[in-house]
Amino acid sequence: MTLNIILAIVAGVLLLVGFIGTFVPVLPGAPLAWAGLLAAYFSSYCEISLAALIVAGVFAILVSVLDNFLPIIMTKKLGGSKAATTGSTVGLIIGFFAGPAGIILGPFLGALVGEMIHKKGSNEGVFKAAFGAFVGFLTGTGLKIICVLCFIWYFIASFF
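Residues numbered from 1 in each chain as written. Predicted model: local features only at pLDDT ≥ 70, side-chain atom pairs only at ≥ 80, totals over all residues. Heavy atoms only, no water.

(A) Main features of the side chain of Ser43. Of note, Ser43 is situated in the loop between helix H2 (29-41) and helix H3 (50-77). Of the residues examined, Ser43 reaches a relative accessible area of 2% and is grouped as buried. At 3.0 Å, the side chain of Ser43 and the backbone oxygen of Asn4 are in polar contact. (Helix = DSSP H or I, 4+ residues; strand = E, 2+ residues; numbered from the N terminus. Buried < 20%, exposed > 50% of the residue type's maximum accessible area, 1.4 Å probe, protein only. Polar contact = N/O pair within 3.5 Å; in protein donor to acceptor, adjacent residues only side chain to side chain.)

(B) Representation of the packing of helix H1 (residues 2-21) against H2 in the model. The interhelical angle for the contact between H1 and H2, taken along N-to-C directions, is 165°, at an axis separation of 7 Å. Our classification of the angle between H1 and H2 gives roughly antiparallel. The two elements H1 and H2 cross, and the hand of that crossing is left-handed. Together, Leu7, Val10, Ala11, Leu14, Leu15, Val17, Gly18 and Gly21 of H1 and Gly29, Leu32, Ala33, Ala35, Gly36, Leu37, Ala39 and Ala40 of H2 make up the contact between the two elements. Here the residues of the contact of H1 with H2 sort into 12 nonpolar, 4 polar and no charged. (Axes fitted to C-alpha atoms, helices over the stretch in contact; angles between N-to-C directions. Parallel < 35°, antiparallel > 145°, perpendicular 65-115°, else oblique. Left-handed = near helix turned anticlockwise from the far one by under 90°. Contact = heavy atoms within 4.5 Å. Nonpolar A, V, L, I, M, F, W, Y, C, P; charged D, E, K, R; others polar.)

(C) Up close: the state of the cysteines. Tallied over the entire structure, the rule returns 0 disulfides. Among the cysteines around Cys147, which has no disulfide bond, Cys150 carries the closest sulfur, lying 6.8 Å off. (Disulfide = S-S within 2.5 Å.)

As structure tokens, this is what we get:
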């Protein structure tokens with residue numbers, strides 16, 4: 001009986017921390033939220049099916065991968081060169097160490113610098129490539145938020 005309560009509480013805490021992780025770059029939001037669903041699966045207070053748990057796991061992995069690659073993909077899609085794509089990647093990595101502002105600005109600034117180096121002083125198209133990196137970041141974050149909110153909704157609905 002008490003183990004079931006503990007599992008349900010742990011599930012709720014993991015889902016909450018997972019939601020916070022959609023904004024805080026150090027925390028893997030979707031995987032933590034999925035771990036919350038996993039804990040809830042083993043609690044008798046929650047009715048979570050194995051199929052739903054597997055589907056949620058696939059989405060958590062997919063969203064996590066997309067979140068890391070969308071800034072790079074969007075940079076390329078909006079006309080950025082390989083230098084802008086590489087710059088976006090480097091900016092993302094450096095941004096991880098600079099906190100939330102670094103995560104937001106890192107891909108943008110990295111793509112901007114990469115494209116400026118590639119264009120050798122010409123500013124034509126550099127901001128468009130950098131904007132692609134920023135749009136990719138916002139899209140990835142939005143996908144994480146939607147995914148984790150769906151997990152939270154499913155967890156709450158599993159009680160009823």
